[in-house]
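# Residue-level structure breakdown
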Amino acid sequence: MSTPRIVVTGRIPDSGLEILQSIGEVWAWGDDRPIPTEVRNAQLADATAAVTLLTDQVDVAFLAAAPELQLVANVAVGYNNIDVEACTARGVTVTNTPGVLTDATADLAMGLLLMVTRRLGEGERLLRSQTPWKWGMFMMLGTGLQGRRLGIVGLGGIGVALATRARAFGMEIVYHNRSAADAAIERQLGASLVGLDELLATSDVVSLNCPYSPATHHLIDAAALSSMRPSAFLINTARGPIVDEAALVSALQDGTIAGAGLDVFENEPEVHPGLIDLDNVVIVPHLGSATVETRGAMAELAAKNVAAVLAGRAPITAIN
Ligand code: GLV
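In this text, all values refer to a predicted model and were calculated from it rather than measured experimentally. (Residues numbered from 1 in each chain as written. Predicted model: local features only at pLDDT ≥ 70, side-chain atom pairs only at ≥ 80, totals over all residues. Heavy atoms only, no water.)

## Here we look at the site of the ligand
Near the ligand, the surroundings consist of Leu54, Ala76, Val77, Gly78, Leu101, Arg239, His286 and Met298. Separating an oxygen atom of the ligand from a side-chain N or O atom of Arg239 is a distance of 2.7 Å. Protein burial of the ligand: of its 190 Å² of free accessible surface, 91% is covered by the chains. For the shell around the ligand, the residue count by class is 5 nonpolar, 2 polar and 1 charged. (Near = heavy atom within 4 Å. Polar contact = N/O pair within 3.5 Å; in protein donor to acceptor, adjacent residues only side chain to side chain. Areas by Shrake-Rupley, 256 points an atom, 1.4 Å probe, with all protein chains shown as cover. Nonpolar A, V, L, I, M, F, W, Y, C, P; charged D, E, K, R; others polar.)

## A short note on the pattern of salt bridges
Where charged atoms from two side chains of opposite charge approach closely, those side chains can pair. Under the counting rule described, the total for this entry stands at 11 salt bridges. Between Asp31 and Arg33 there is a salt bridge, with the nearest N and O atoms lying 3.2 Å from each other. Taking the relative accessible area as the measure of exposure, Asp31 reaches 27% and is therefore partly exposed. Where Asp279 meets Arg125, a salt bridge forms, and the shortest distance between an N and an O atom there is 2.8 Å. Residue Asp279 is located in the loop between α12 (273-277) and β12 (281-283), and its partner Arg125 is located in helix α6 (residues 120-128); the two are separated by 154 residues in the primary sequence. (Salt bridge = Lys/Arg side-chain N within 4 Å of Asp/Glu carboxyl O. Buried < 20%, exposed > 50% of the residue type's maximum accessible area, 1.4 Å probe, protein only. Helix = DSSP H or I, 4+ residues; strand = E, 2+ residues; numbered from the N terminus.)

## Describing the nonpolar core
Leu225, Leu234 and Leu248 are the most contacted members of the largest nonpolar core, which totals 30 residues. Those elements giving two or more residues to this core turn out to be α9 (196-202), β9 (205-208), α10 (222-226), α11 (245-253) and β11 (259-262). The dominant element in this core, judged by the number of residues it contributes, is α11, at 5 residues. In contact with Leu248, not counting residues within four places along its chain, are Leu225, Leu234, Val243, Ile257, Ala260, Leu262 and Leu275. Residues Met110, Ala161, Leu162 and Ala181 belong to the second largest nonpolar core, which totals 27 residues. (Core = buried A, V, L, I, M, F, W, Y, C linked by side-chain atoms within 4.5 Å. Contact = heavy atoms within 4.5 Å.)

## Quick word on α6
Regarding α6, the residues found buried are Gly121, Glu122, Gly123 and Leu126. Contacts made by the buried residues of α6 are with α5 (102-117). Just past α6, the residue Gln130 takes up positive phi, approximately 60 degrees.

## A look at the domain arrangement of the chain
On domain assignment, one finds that the chain holds domain 1 (5-100 + 292-310) and domain 2 (102-283). Computed over C-alpha atoms, the centres of domain 1 and domain 2 are 31 Å apart. Contacts between the two partners involve 6 residues from domain 1 and, on the opposite side, 4 residues from domain 2. A combined buried area of about 460 Å² lies between domain 1 and domain 2, and 46% of that area is made up of carbon and sulfur atoms. Counting across the interface, domain 1 meets domain 2 through 0 salt bridges. Counting across the interface, domain 1 meets domain 2 through 2 residue pairs in polar contact (both at pLDDT 80 or more). Here the side of domain 1 that touches domain 2 is built from residues that sort into 2 nonpolar, 4 polar and no charged. (Domains from an automatic or database assignment. Buried area = accessible area lost by both parts, 1.4 Å probe.)

## Overview of the sheet that holds strand β2 (residues 25-28)
Overall, parallel pairing links the 5 strands, which are arranged β2-β1-β3-β4-β5 in an open sheet. The sheet is open, and its two edges are formed by β2 and β5 (93-95), each paired on a single side. Strand-to-strand twist of the sheet, defined as the mean angle between neighbouring strand axes without regard to direction, takes the value 15 degrees. As defined by bridge partners, strand β1 (residues 5-8) adjoins β2 across 4 bridges and the pair is classed as parallel. Bridge pairing in β2 places Val8 opposite Ala28. Contacts between helix α2 (residues 37-44) and the sheet are confined to β1, β2 and β3 (49-52), with β1 contributing the most and set at about 165 degrees to the helix. Running over the sheet, helix α13 (residues 292-310) touches β1, β3, β4 (71-74) and β5 and is turned about 165 degrees from β4. (Pairing = 2+ DSSP bridges. Axes fitted to C-alpha atoms, helices over the stretch in contact; angles between N-to-C directions.)

## Digging into empty space enclosed by the protein
What the rule picks out here adds up to 1 cavity of 30 Å³ or more. One number sums up the size of the largest cavity: a volume of about 30 Å³. Every residue lining the largest cavity is listed: Asn236, Gly240, Val243, Glu245, Leu248, Leu262, Val264, Phe265 and Glu266. A breakdown of the residues in the lining of the largest cavity according to their chemical character gives 5 nonpolar, 2 polar and 2 charged. (1 Å grid on protein atoms, 1.4 Å probe; cavity = no way out; pocket = protein on both sides within 12 Å on 5 of 7 lines; lining within 4 Å. Points joined across faces, edges and corners; volume = space filled by probe spheres on them.)

## What about the side chain of Asn96?
Structurally, Asn96 is set in the loop between β5 and α5. Here the side chain of Asn96 touches Val77 through a polar contact of 2.8 Å, landing on its backbone oxygen. Setting aside residues no more than four positions away along its own chain, Asn96 makes contact with Asn74, Ala76, Val77, Tyr79, Leu301, Asn305, Thr317 and Ile319.

Here it is in structure tokens:
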């Protein structure tokens, strides 16, 4: 059997590359810029496996360039960048990296929640702009979390990890999901399943932790935002297009909701100019899984999926 050829379409941590190098001949795009399509297609021509990033579109054109492809291992938990149906039709296995980024992403969601409710970005900007200031009883008052309700849209692993953190801050949890969580998880979190309308209307903070798909495109639109409390905050660490960003900007401008903490954007890497101008928004550049440990673990899990499939075993975390 010939040596498998593994194409890595972007820079990944060495610990993942080392596993891949022990399985086959590896070609990796060594730049942080997106790989040019012609370079990618030339490399895919005899590739057995592709290790991809969430910025790669694995579509029909990608598959057409890779006639020998057996596997796409996405180094991300989200796989909305992959046409899974087209992969399945071609007999190409798709894997992702769930689990290993749960804590890092929940930490980031909690960080955004704290930043926006306590106005930390605003405070930082005040000091960095060297604006004169004095401590004041009424200066930059935020919103306390104790006894407030966190509504989690999508109670998967990241949602549960966020709920666990929020409980430690004294928050009450409700969630909306396609199906109810295990009774043991509900008990542990003191969480109850509610309809989306009830979640939006009664939560002090709404956090989006669901996958992006046609079903969740603009789930949070102008109507959803206007059903939220004027004192409520929206946190999005999932995918940008779950929110109608233009509607969110209007809602933040006119006080329909109090604020937002965003790690993801509708047209990444672009950020709606309206968000940049607003003080009641915290924006960070898609950093959910961005810790040294987590990115290493993601690359290793993707590489282990490649190793399993090329050895004829079942992948560890398969999508199809
Ligand atoms: C990050 O957004 C991921 O899906 O892993």
